[in-house]
Amino acid sequence: MTKHLEHHYFAGLDLTGKRVVVVGAGTVAQRRVPRLINSGARVEVIAPEATPAVEAMAAAGELTWHRRPYAAGDLEGAWYAVACATGSEVNAAVAAEAEERRVFCVRADDASGGTAVTPAVAQHGGLLLGVLAGGEHRRSAAVRDALVEALRTGVVDENSEPPAAGVALVGGGPGDPDLITVRGRQLLGRADVVITDRLAPRELLEELGPHVEVVDASKIPYGRAANQDVINSLLIEHAKAGKFVVRLKGGDPYLFGRGFEELLACVEAGVAVTAVPGITSAFAAPSAADVPVTHRGVAHEVVVVSGHVGPHDEQSLVDWPALGRLRGTIVLMMGVKRIAEFAAVLTEHGRDPKTAVAVVQEGTTRNQKTLRTTLGEVAEAISEAGIKPPATIVIGPVADLAPEARR
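Residues numbered from 1 in each chain as written. Predicted model: local features only at pLDDT ≥ 70, side-chain atom pairs only at ≥ 80, totals over all residues. Heavy atoms only, no water.

Here's the deal with the packing of aromatic side chains
Stage number 1. Under the counting rule described, the total for this entry stands at two aromatic pairs.
Stage number 2. With 5.6 Å between their ring centres and 90° between their planes, Y254 and F260 make a pair best called edge-to-face.
Stage number 3. Exposure remark for Y254: the relative accessible area of 41% places this residue in the partly exposed category.
Stage number 4. Aromatic side chains W320 and F342 sit 5.0 Å apart centroid to centroid with 20° between the ring planes, which places their arrangement in the stacked category. With a gap of 22 residues between them, W320 in helix α10 (residues 320-325) and F342 in helix α11 (residues 339-348) connect regions that are remote in the sequence. Just as W320 is buried, F342 falls in that class too. (Phe/Tyr/Trp six-rings, centres within 6.5 Å; stacked < 30°, edge-to-face > 60°. Buried < 20%, exposed > 50% of the residue type's maximum accessible area, 1.4 Å probe, protein only. Helix = DSSP H or I, 4+ residues; strand = E, 2+ residues; numbered from the N terminus.)

And the structure:
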């Protein structure tokens, strides 16, 4: 038996400044209303009660909330209606009035009872995508997600013109390739040249087309390193040759990633450059290991510190005595090699040697390894556990908060 499919005409409605009535203010309205607001519609919600999110939108002046039940005549002057009340009788009455007034109406509880349906929708780079599957909602959502993923990764090229020459400083995230931002992945898919770091998600390079030139600018701690001036020159050279260059970094370009140095070099050379923020491992790695860097009643401050140079090095810009007096969270990056020095200076200036410490090696990747210890024992514990860079070290009471079942 052939399944009956609903037949719809797909259209884009210009609702700017036009009255749209939403009957009901529950979770369905909470999902539907934001896109109506963003379209410029004059949204009016009719419901005796609302979810906190809908109430907050009303308080912010984004919509008008009539705190009462629906009544006949409420659709007068409306261009579009959404019936999403909890009672089917109310939704049926709204749909009937909409039919009488020739107002297109979406009925949330019974799609066939309305005169319009809401497609599975997504936005991507200025594109608004909508998929209808004749009432098969799971299918439309699956196709939408697949299309968006294809656009994000560059499998489907949305652009009619090739990218303009220039540089994008892209934060690749903490290591898991799925944690790069949508914007970062989109630009990576359009690159002519990718200059990458050792800590950038390696799996993302496999998705690049064969025409893309990949330059390894790995900076291995205390070992072989690509000179920053050389990297700057490569960015400028390729961009001035008419290429679109992605500088792919681990974490965020501006958190101990020298991204701003590269931006300054490009600007000085007259090269168009943009920065795409990334998820920093300073917060993502602890999160992946069930370590919150803040927690109510435990820590109200977080300080992210570079351990690239020792606490007594003349090049250090860190006020270690001040950090020793703090009670909140210290997230130490690049600190594995000199952890004994850092632990000693913090203890010297007030931190209790029993302060909890969590060390997360290669957070968010399949090689993730977590060590829990104390400030007084962290150096020995790291050595015994064979912890290697890159690792994020969290110092403070939050490092002792993980559920026992997940330690």
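Some points on the pattern of salt bridges
Stage number 1. Following the criterion strictly, the structure yields eleven salt bridges and no others.
Stage number 2. Where D145 meets R144, a salt bridge forms, and the shortest distance between an N and an O atom there is 3.0 Å.
Stage number 3. Its salt-bridge partner being E262, residue K249 comes within 3.2 Å of it at the nearest N-O pair. Of this pair, K249 sits in strand β11 (residues 244-249) while E262 is found in helix α8 (residues 259-268), placing the two residues 13 residues apart along the sequence. Here K249 matches E262 in class, with each residue buried.
Stage number 4. Each of the salt bridges in this network shares a partner with another, and the network as a whole consists of D197, R247, K249 and E262. (Salt bridge = Lys/Arg side-chain N within 4 Å of Asp/Glu carboxyl O.)

With respect to the sheet that holds β11
Stage number 1. Spatially, five strands are ordered β10-β9-β11-β8-β12 in an open sheet, and the strand pairing comes out parallel. With partners counted over all chains shown, the strands left at the sheet margins are β10 (213-216) and β12 (273-276), one partner each. The sheet shows a mean angle of 20° between the axes of neighbouring strands, direction not considered.
Stage number 2. Strand direction decides the pairing type here: strand β9 (residues 193-196) and β11, joined by four bridges, are parallel. By the bridge assignment for β11, V193 is matched with V245.
Stage number 3. Packing against the sheet, helix α7 (residues 228-240) makes contact with β8 (166-171), β9, β10 and β11, and its axis sits at approximately 150° to β11.
Stage number 4. Each of β8, β11 and β12 touches α8; the most contacted strand, β8, lies at about 170° to it. (Pairing = 2+ DSSP bridges. Axes fitted to C-alpha atoms, helices over the stretch in contact; angles between N-to-C directions. Contact = heavy atoms within 4.5 Å.)

A closer look at the UniProt feature "active site" (unreviewed entry) in the protein
Stage number 1. Here the UniProt feature "active site" (unreviewed entry) sits at D197 and K219.
Stage number 2. For D197, a relative accessible area of 16% corresponds to the buried category.
Stage number 3. Those residues within four positions of D197 in sequence are excluded, and the remaining contacts are A217, S218, R247, L248 and K249. (UniProt positions renumbered as here; feature names shortened; annotations may be inferred.)

Here we look at the sheet that holds strand β1 (residues 19-23)
Two orientations exist for strands paired in a sheet by backbone hydrogen bonds: parallel and antiparallel.
Stage number 1. In spatial order, the strands read β3-β2-β1-β4-β5; together these five strands make up an open sheet with parallel pairing. Strand pairing shows two members of the sheet lacking a second neighbour, β3 (64-66) and β5 (104-107), which therefore form its edges. With strand direction ignored, the average angle separating the axes of adjacent strands in the sheet is 20°.
Stage number 2. Here β1 runs beside strand β4 (residues 80-83); their pairing, made up of four bridges, is parallel. Paired with V21 across the strands is A81, a residue of β4.

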